[in-house]
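Letter by letter, the chains look like this.
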Amino acid sequence: MVRSNENYAKIPGNYLFAEIARKVAAHKEANPDKKVISLGIGDVTHPLIPTVIAAMHKAVDEMGQSESFRGYGPEQGYAFLREAIVRHDYAPRNLSITAEDIFISDGSKCDVGNFQELFAADAKVAVTDPVYPVYVDSNAMAGRAGNWTGSKWDNLIYLPCTKDNAFVPDFPKETPDIIYLCYPNNPTGTVLCKDALGAWVEYARKVGAVILFDSAYEAYVTEENIPHSIYEVPGAEEVAVEFRSFSKTAGFTGTRCAYVVVPKALRIAGPDGNPVFLQAMWNRRQATKFNGCSYIVQRGAEAIYTLEGQELVSKVVNSYMANAAKIRKGVQDLGLETFGGVNAPYIWVRTPEGLGSWDFFERLLSQTSLVCTPGAGFGPSGEGYVRLTAFGTATQTEEALKRLAALDA
Ligand SMILES: *Cc1c(COP(=O)(O)O)cnc(C)c1O
């Protein structure tokens, strides 16, 4: 028989969300009269803005006419979208990113999962802990994570982010080749200020590492000194790749569009020790394995950058952030400590003394029929915390707050 990729066999099941679903189902069964509200899922609820819908309708009509029909598009994405991204997301911040540096895709999950292919099989990977699981699992599948010990991978470098270091990861003892950073962070909702991110760029330059910077939540940054892009740090274009997505920015979780920035200046060592360009490698990879994001969807994404699009999209983001502020206050009023929720739609809650993530999950569910995500599911340093999301509707959030107020925490 054909032998399987042995790395897949090492990966533990997707225990977290399956376990949550199981416990919620049991709660519903036992309490058929109670309505469960989830503050657990990381998905948006607001529909696409009319500007995007109109642009996609127009594109659909174009596809039905022989003069404007489009077949395969460029694997890198259409120039109209790549140029709009540069014009709106980078040029206004005086960043030298060009359209050639931008690669459009159908989602950041794929980009972030695929990018590790460009690095050597024995490259040493560092992840913040707790962590967005895609970074870990995609490297585990490639054999870089080592073996699962029941709580950790034995060949990954974990960078704990907890209350004790104010959620700013310290440099590890062992030197990594690849460093995954996600800011604003999922799951903790915390951010790095410009100096802290600058220190990581300086570190990467010093040790010769590459930073894979996930800024899916960039649109949620509200405070002044918090970078929107890693390229706001001088020299980052030589050591960092940036992942952006329209999913959380503009409600594209089901529509699918994202992009990666791979700057021209970013070089790593080739097999003979001579430098190779990551941009050329990613271009080769995409041209081979990817055939582009749909024209219709790219036109929809482009419409986000119109004046009207920007205005409507920021209204939606602000409405989620208004939820976040209310949830934060509601939890703090219970006497619990919260983090995040100011520059991100996630609130990271310290569980009451002596109560584990899952214990608190159970208490919240049984007393209020509210669902949170136990922090332990995102990595060992997530124990003792739970994640609440602000992506619900205003009505759901109001109802959730009433119930929270009644919690005997
Ligand atoms: C939601 C999310 C993304 C975006 O994923 P898409 O595939 O573009 O929907 C990327 N990174 C993190 C950390 C996320 O939470």
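Remember, predicted model here, so these are calculated numbers, not experimental data. (Residues numbered from 1 in each chain as written. Predicted model: local features only at pLDDT ≥ 70, side-chain atom pairs only at ≥ 80, totals over all residues. Heavy atoms only, no water.)

### Topic: the pairing of strand β6 (residues 210–214)
For a regular strand, side-chain orientation follows a simple rule: the groups alternate between the two sheet faces. Quick reminder of the rule: Exposure classes here rest on a 1.4 Å probe applied to the protein chains alone. A residue is buried below 20% of its type maximum, exposed above 50%, and partly exposed in between. Counting from the N terminus, the helices are the DSSP runs of H or I reaching at least four residues and the strands are the DSSP runs of E reaching at least two. Any two strands are treated as partners once DSSP identifies two or more bridges connecting them. Look down the strands so they point away from you; if the path from the first strand over the helix to the second goes clockwise, the crossover is right-handed.
Of all five residues in β6, five are buried; the element is thus mostly enclosed. Alternating positions in β6 separate into two faces, Val210, Leu212 and Asp214 on one and Ile211 and Phe213 on the other, with burial throughout. Here strand β5 (residues 178–182) pairs with β6 via five bridges, running parallel. Bridging from a neighbouring strand, Cys182 pairs with Asp214 of β6. Chirality of the crossover, the property in question, places the unit of β5, helix α7 (residues 194–207) and β6 among those that are right-handed. Taken together, the four bridges between β6 and strand β7 (residues 240–245) define a ladder with parallel strand orientation. Bridge pairing in β7 places Leu212 opposite Val241.

### Re the sheet that holds strand β3 (residues 125–129)
Two modes of strand pairing occur in sheets, parallel and antiparallel, and in both the strands are linked by backbone hydrogen bonds. Selection rule: Only C-alpha atoms enter the line fits that serve as axes; for helices the fit covers just the stretch in contact. Angles between N-to-C directions range over 0 to 180 degrees.
What the seven strands build is an open sheet, ordered β2-β8-β7-β6-β5-β3-β4; its pairing is mixed. Each having just a single partner strand, β2 (102–105) and β4 (157–160) make up the two edges of the open sheet. Strand after strand, the sheet turns through a mean of 20 degrees between neighbouring axes, direction not considered.

### Here we look at the packing of aromatic side chains
Pairs of aromatic rings are described using the distance from one ring centre to the other and the angle between the two planes. Stated precisely, the cut-off is as follows: Aromatic pairs are defined between Phe, Tyr and Trp rings, using the six-membered ring for Trp, whenever the two ring centres lie within 6.5 Å; interplanar angles under 30 degrees are classed as stacked, those over 60 as edge-to-face, and all others as tilted. In this scheme, Lys NZ or Arg CZ marks a charge over a ring once it lies within 6 Å of the ring centre and within 35 degrees of the ring normal.
Applying the stated criterion to the full structure yields 27 aromatic pairs. Taken together, a centroid distance of 6.2 Å and an interplanar angle of 55 degrees make the contact between Tyr217 and Tyr220 tilted. As far as burial versus exposure is concerned, Tyr217 and Tyr220 are alike and both buried. Plain terms: the ring middles of Tyr217 and Tyr346 are 5.2 Å apart, the flat faces sit at 70 degrees to each other, and that makes the pair edge-to-face. Placement of the pair is Tyr217 in the loop between β6 and β7 and Tyr346 in strand β12 (residues 346–350), with a sequence separation of 129 residues. Both residues of the pair, Tyr217 and Tyr346, count as buried. Among the aromatic residues, those joined into a cluster by ring pairs are Phe167, Phe339, Trp348, Phe378 and Tyr385. The ring of Phe103 carries the charged tip of Arg82 above its face, separated from the ring centre by 5.8 Å. Sitting above the plane of the Tyr385 ring, Arg350 keeps its charged end 4.8 Å from the centroid.

### Focus: the pattern of salt bridges
Formally: The term salt bridge refers to a side-chain nitrogen of Lys or Arg lying within 4 Å of a carboxyl oxygen of Asp or Glu.
Within the structure shown, the criterion is met by 17 salt bridges. A salt bridge links Lys194 to Glu232, with the nearest nitrogen and oxygen atoms 3.6 Å apart. Highlighted residues: Lys194 in helix α7 and Glu232 in the loop between β6 and β7, separated in sequence by 38 residues. Linking Asp333 and Lys329 is a salt bridge whose minimum nitrogen-to-oxygen distance equals 2.8 Å. A relative accessible area of 56% places Asp333 in the exposed class.

### Structural notes on empty space enclosed by the protein
Gaps left between atoms are located by rolling a probe of water-molecule size over the structure's atoms. Applicable threshold: Here a cavity denotes a set of grid points, spaced 1 Å apart and computed over the protein atoms alone, in which a 1.4 Å probe fits but from which it cannot get out, and a pocket denotes an open set meeting protein on both sides within 12 Å along at least five of seven lines; residues with an atom within 4 Å of a point are reported as lining. Grid points are joined across faces, edges and corners, and a volume is the space filled by probe spheres set on the points. Classification convention: Asp, Glu, Lys, Arg as charged; Ala, Val, Leu, Ile, Met, Phe, Trp, Tyr, Cys, Pro as nonpolar; all other residues, Gly among them, as polar. Where each domain starts and ends follows an automatic or database-derived domain assignment.
Taken as a whole and judged by the stated rule, the model has three cavities of 30 Å³ or more. Here the largest cavity is characterised by a volume of approximately 80 Å³. Along the walls of the largest cavity sit 13 residues, with Pro47, Thr249, Ala250, Gly251 and Val316 positioned nearest its centre. If you list the elements that add at least two residues to the lining of the largest cavity, you get α8 (246–250) and α11 (307–332). Considered class by class, the residues forming the lining of the largest cavity number nine nonpolar, three polar and one charged. Residue-level mapping places the lining of the largest cavity at the junction of two domains, with at least three residues from each of domain 1 (6–47 + 308–405) and domain 2 (53–305). In this structure, the second largest cavity encloses a volume near 50 Å³. Leu39, Val331, Leu334, Leu336, Val349, Phe360, Leu364, Leu370, Leu388, Leu404 and Leu407 together form the lining of the second largest cavity. Split into classes, the residues belonging to the lining of the second largest cavity amount to eleven nonpolar, no polar and no charged.

### Quick look at the pairing of β5
By the criterion of burial, β5 is predominantly enclosed, with five of the five residues buried. A two-sided burial pattern is seen for β5, the buried positions comprising Ile178, Tyr180 and Cys182 on one face and Ile179 and Leu181 on the other. By the bridge criterion, three bridges tie β3 to β5 in an arrangement that is parallel. From the neighbouring strand, Ala126 faces β5, where its bridge partner is Ile179.

### Thoughts on unusual backbone geometry
In this model, Asp129 is joined to Pro130 through a cis peptide bond whose omega is 5 degrees. In this structure, Pro130 sits in the loop between β3 and α6 (133–141). For the bond from Asn186 to Pro187, the omega torsion is 20 degrees, close enough to zero to count as cis. Tracing the backbone through its elements, the reader meets Pro187 in the loop between β5 and α7. A positive phi angle, near 55 degrees, is found at Ala166, a position not held by glycine.

### What to know about the domain arrangement of the protein chain
Note the cut-off: Summed over both partners, the accessible area lost on bringing two parts together, with a 1.4 Å probe, is the buried area.
Domain annotation of the protein chain identifies domain 1 (6–47 + 308–405) and domain 2 (53–305). Measuring from the centre of the C-alpha atoms in domain 1 to the corresponding centre in domain 2 gives 25 Å. Between domain 1 and domain 2, a total of about 3,000 Å² is buried, with carbon and sulfur atoms accounting for 63% of that surface. A salt bridge links Lys163 to Glu337; its shortest N-O distance comes to 2.9 Å.

### So, the site of the ligand
To keep it simple, the criterion reads: Proximity is defined per residue: any heavy atom of the residue falling within 4 Å of a molecule or strand makes that residue near it. For the purposes of these results, a polar contact is taken to be a pair of N or O atoms within 3.5 Å, where, inside protein, one atom must be able to donate a hydrogen and its partner to accept one; residues adjacent in sequence count only when each atom of the pair is a side-chain atom. Computed with the Shrake-Rupley method and a 1.4 Å probe, the accessible areas treat only the protein chains shown as cover for residues.
Every one of the 14 residues lining the ligand counts as a neighbour, but Tyr217, Ser245, Ser247, Lys248 and Arg256 are closest to it. Here Ser247 contributes a side-chain N or O atom positioned 2.6 Å from an oxygen atom of the ligand. Between the ligand and the protein, one listed contact pairs an oxygen atom with a side-chain N or O atom of Arg256 at 2.6 Å. Compared with its free state, where it exposes 390 Å², the ligand has 93% of that area covered by protein. Partitioning the shell around the ligand into residue classes produces five nonpolar, five polar and four charged.

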